[in-house]
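Listed below, chain by chain, are the residues.
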Amino acid sequence: MAVEYRLLLPEENKHANNFYNAFYQKKRTLEQWRWEFISPARKLGEPLPFAAAFDGEKLVGTQAIIPIRMIDQKGVFWAAKSEETLVDPAYRGQNLFAKMYELLFAYARQKGLYAIWGFTPARRAFEKIGFAIPLQTRQLFLPFSSHYLPAILEKPYAWPLGVLALIGSRIIHLKGILRRLLRGNFPDHHDGLEIIYSPEPPAEAGTICERFVHTWGGTTIYRDPEYLAWRFYGNPYLRPLCLVAKQKDHIQGFLFFCMTPDRMGYIVDLLAIPVGNNLPINSAIDDVYRVVSALIKESVRRLESMGALGVRIWSVGGHPFDRLVRQELKRQGFLFVSKGHDMIFQLVSGLPERQGLSMIKNWYITRAFTEGTIS
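Residues numbered from 1 in each chain as written. Predicted model: local features only at pLDDT ≥ 70, side-chain atom pairs only at ≥ 80, totals over all residues. Heavy atoms only, no water.

1. What about helix H3 (residues 96–111)?
Here is step 1 of the chain: With 16 residues, H3 should reach 22 Å at 1.5 Å per residue; the first-to-last C-alpha distance of 23 Å fits that figure.
Here is step 2 of the chain: Within H3 the residues assigned to the buried category are Leu96, Phe97, Ala98, Met100, Tyr101, Leu104, Phe105, Tyr107 and Ala108.
Here is step 3 of the chain: Two residues or fewer after H3 comes glycine 112, characterised by a positive phi angle close to 75°. (Helix = DSSP H or I, 4+ residues; strand = E, 2+ residues; numbered from the N terminus. Expected span 1.5 Å × (residues − 1). Buried < 20%, exposed > 50% of the residue type's maximum accessible area, 1.4 Å probe, protein only.)

Quick look at the structure:
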């Protein structure tokens, strides 16, 4: 019987979820599946952007995209994240992956999704159907314990490496403090800036994101309250906590962080803007630096008090705000690791050109760009 390719019906979610769980030996619930694949696509209406390959009644392949609103200096637009790439081993070599993506590219053109992006260890399969590999993710980490690296590597005997990392981060932190003192700057003094927990999405989040792009340029996910409510506050896997930086009742930035059951701490997302509008970039950096410093320091303090073994955060590309954050992370003792996952990217053909969209080095990318099952 010939393999049939079509977009999945929402009521068929149980088949797709069982296929995933059987292959990966996971216990993903239907609630988690619906949160990931149905909730973000509701605004676009049916069909669901979840391609499936069937051999008779047997599900033998899946490939999905998650519609996500993004923003650049020209405004808000739709794009999508590639997810749920899975082909039954008995059917590999039969071009199932490419044929499923044909359905998804047709969906993207119909719905006006300008690009599809994602992160994968299987770059060759994506390159064969036209995806580019514009960059790799990078990360910084701050160990609180010598057990941090052995836990990540799942190699208990790697404790000497953990000890060296812990000592190295402390030395970097002390050097950062000394540099600031010699310059006459005191990093712990934030001039009335208040860092508080936010139990619900900040109402100003959309405006902050718009001003963020206006100040720093580039492209990023549009973080309005609706997005934050879905991605963070309604996350059925793990719900990160939100800290906001307030100055005279005005929010200058926010940060999301979490700790996983294996005691790994994550800074998932961070945005900050200057108090004034239309500031030159150097003035904006001077104004925002203390906000970034205070948010990172408070999240690190809370994670350590929660019992985390250490903290991880992404640093991807050359976006000016990312460089600012990376500089402060290093000052606070974070260690940089260049190894990461490949990012895939492809513009959707047949749509009007959106100038600059394919310049991925100018995107601001954080762990908010991940699937959300860990952080």
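2. Points about the nonpolar core
Here is step 1 of the chain: Within the largest apolar cluster, 96 residues are counted, with the highest numbers of intra-cluster contacts made by Trp117, Ile296, Phe321, Phe334 and Trp363.
Here is step 2 of the chain: No other element matches helix H9 (residues 281–306), which puts 10 residues into this core. (Core = buried A, V, L, I, M, F, W, Y, C linked by side-chain atoms within 4.5 Å.)

3. Details of the packing of H9 against helix H10 (residues 320–331)
Here is step 1 of the chain: Relative orientation of the contacting elements H9 and H10 amounts to 50°, with a least axis distance of 10 Å. Here H9 is positioned oblique relative to H10, judged by the angle of their axes. Along this stretch, H9 crosses H10, giving a crossing that reads as right-handed. Along the contact surface, H9 presents Ile285, Val288, Tyr289, Val292, Ser293 and Ile296, while H10 presents Phe321, Leu324, Val325, Gln327, Glu328, Leu329 and Arg331.
Here is step 2 of the chain: When grouped by side-chain class, the residues that make up the contact of H9 with H10 number nine nonpolar, two polar and two charged. (Axes fitted to C-alpha atoms, helices over the stretch in contact; angles between N-to-C directions. Parallel < 35°, antiparallel > 145°, perpendicular 65-115°, else oblique. Left-handed = near helix turned anticlockwise from the far one by under 90°. Contact = heavy atoms within 4.5 Å. Nonpolar A, V, L, I, M, F, W, Y, C, P; charged D, E, K, R; others polar.)

4. Structural notes on the sheet that holds strand S10 (residues 241–247)
Here is step 1 of the chain: Pairing is mixed across the open sheet formed by seven strands, whose spatial order is S8-S10-S11-S12-S13-S7-S14. At either end of the open sheet lies a strand with only one pairing partner, and these are strand S8 (194–197) and strand S14 (335–337). For this sheet the average axis-to-axis angle between neighbouring strands, irrespective of direction, equals 25°.
Here is step 2 of the chain: Inspection of the sheet shows strand S7 (residues 139–143) paired to strand S13 (residues 310–314) by five bridges, in the antiparallel sense. Across the sheet, the residue bridging to leucine 142 is valine 311, located in S13.
Here is step 3 of the chain: Those strands touched by helix H8 (residues 225–233) are S10, strand S11 (250–259) and strand S12 (264–272), and its axis lies near 20° from that of S11.
Here is step 4 of the chain: Contacts from H10 reach S7, S12, S13 and S14, with the element oriented near 135° to S12. (Pairing = 2+ DSSP bridges.)

5. With respect to the side chain of glutamate 371
Here is step 1 of the chain: With respect to the helices, strands and loops of the structure, glutamate 371 is situated in the segment after strand S15 (342–347).
Here is step 2 of the chain: Buried and unpaired, glutamate 371 has arginine 28 as its nearest opposite-charge partner, separated by 4.6 Å.
Here is step 3 of the chain: Once residues within four sequence positions are removed from consideration, glutamate 371 is found in contact with Trp35, Glu36, Lys81 and Glu83. (Lys, Arg positive; Asp, Glu negative; His and termini not counted. Salt bridge = Lys/Arg side-chain N within 4 Å of Asp/Glu carboxyl O.)

6. Some remarks on the pattern of salt bridges
Here is step 1 of the chain: Applying the stated rule across the entire model yields 17 salt bridges.
Here is step 2 of the chain: Between glutamate 84 and arginine 28 there is a salt bridge, with the nearest N and O atoms lying 2.7 Å from each other. Of the two residues, glutamate 84 is situated in strand S4 (residues 75–87) and arginine 28 in the loop between helix H1 (13–24) and helix H2 (30–37); the sequence distance between them amounts to 56 residues. Arginine 28 carries the same exposure label as glutamate 84, and that label is buried.

7. Re the packing of aromatic side chains
Here is step 1 of the chain: Using the criterion set out here, one finds 30 aromatic pairs in the structure.
Here is step 2 of the chain: Relative to tryptophan 230, the ring of tryptophan 35 lies with its centre 5.1 Å away and its plane at 25°, an arrangement referred to as stacked. Taken together, the residues span a long stretch of sequence, with tryptophan 35 in helix H2 and tryptophan 230 in helix H8 at a distance of 195 residues.
Here is step 3 of the chain: According to the relative accessible area criterion, tryptophan 35 is buried, its value standing at 6%.
Here is step 4 of the chain: Overall, the relative accessible area of 16% leaves tryptophan 230 in the buried class.
Here is step 5 of the chain: Three or more aromatic residues link up through ring pairs in this structure, and these residues are Trp35, Tyr227, Trp230, Phe232, Tyr233, Tyr237, Phe254 and Phe256.
Here is step 6 of the chain: Sitting over the face of the ring of tyrosine 20, arginine 28 holds its NZ or CZ atom 3.8 Å from the ring centroid. (Phe/Tyr/Trp six-rings, centres within 6.5 Å; stacked < 30°, edge-to-face > 60°. Lys NZ or Arg CZ within 6 Å of the ring centre and 35° of its normal.)

8. Re the pairing of S10
Here is step 1 of the chain: Most of S10 sits out of view: five of its seven residues are buried.
Here is step 2 of the chain: Sheet topology places S8 next to S10; four bridges connect them, and they run antiparallel. Along S10, the bridge assignment pairs isoleucine 195 with alanine 245.
Here is step 3 of the chain: In terms of strand pairing, S10 meets S11 through seven bridges, oriented antiparallel. Note that in S11 the partner of cysteine 242 across the bridge is phenylalanine 256.
Here is step 4 of the chain: Here S10 hands over to S11 after two residues, with lysine 248 in that stretch at a positive phi of 55°.

9. Comments concerning the pairing of S15
Here is step 1 of the chain: In terms of burial, S15 is a largely internal element, five of the six residues being buried.
Here is step 2 of the chain: Both strand S5 (residues 113–120) and S15 contribute to a ladder of six bridges, which runs antiparallel. By the bridge assignment for S15, threonine 120 is matched with aspartate 342.
Here is step 3 of the chain: Here three bridges tie strand S6 (residues 132–136) to S15, and the two strands are oriented antiparallel to one another.

10. Observations concerning the environment of leucine 7
Here is step 1 of the chain: Checked against the element boundaries, leucine 7 lands in strand S1 (residues 3–7).
Here is step 2 of the chain: Distance in space between the C-alpha atoms of leucine 7 and glutamine 63 is 9.5 Å, their sequence separation being 56 residues.
Here is step 3 of the chain: Not counting residues within four places of it along the chain, the set of residues in contact with leucine 7 comprises Pro47, Leu48, Phe50, Ala51, Leu103, Leu104 and Tyr107.

11. Quick look at the environment of alanine 53
Here is step 1 of the chain: Topologically, alanine 53 is positioned in strand S2 (residues 50–55).
Here is step 2 of the chain: Residue classification places alanine 53 among the buried residues on the basis of a relative accessible area of 0%.
Here is step 3 of the chain: Counting along the chain gives 48 residues from alanine 53 to tyrosine 5, while the straight-line C-alpha distance between them is 4.7 Å.
Here is step 4 of the chain: Excluding residues within four positions of it along the chain, alanine 53 makes contact with Val3, Glu4, Tyr5, Lys58, Leu59, Val60, Gly61, Leu96 and Met100.

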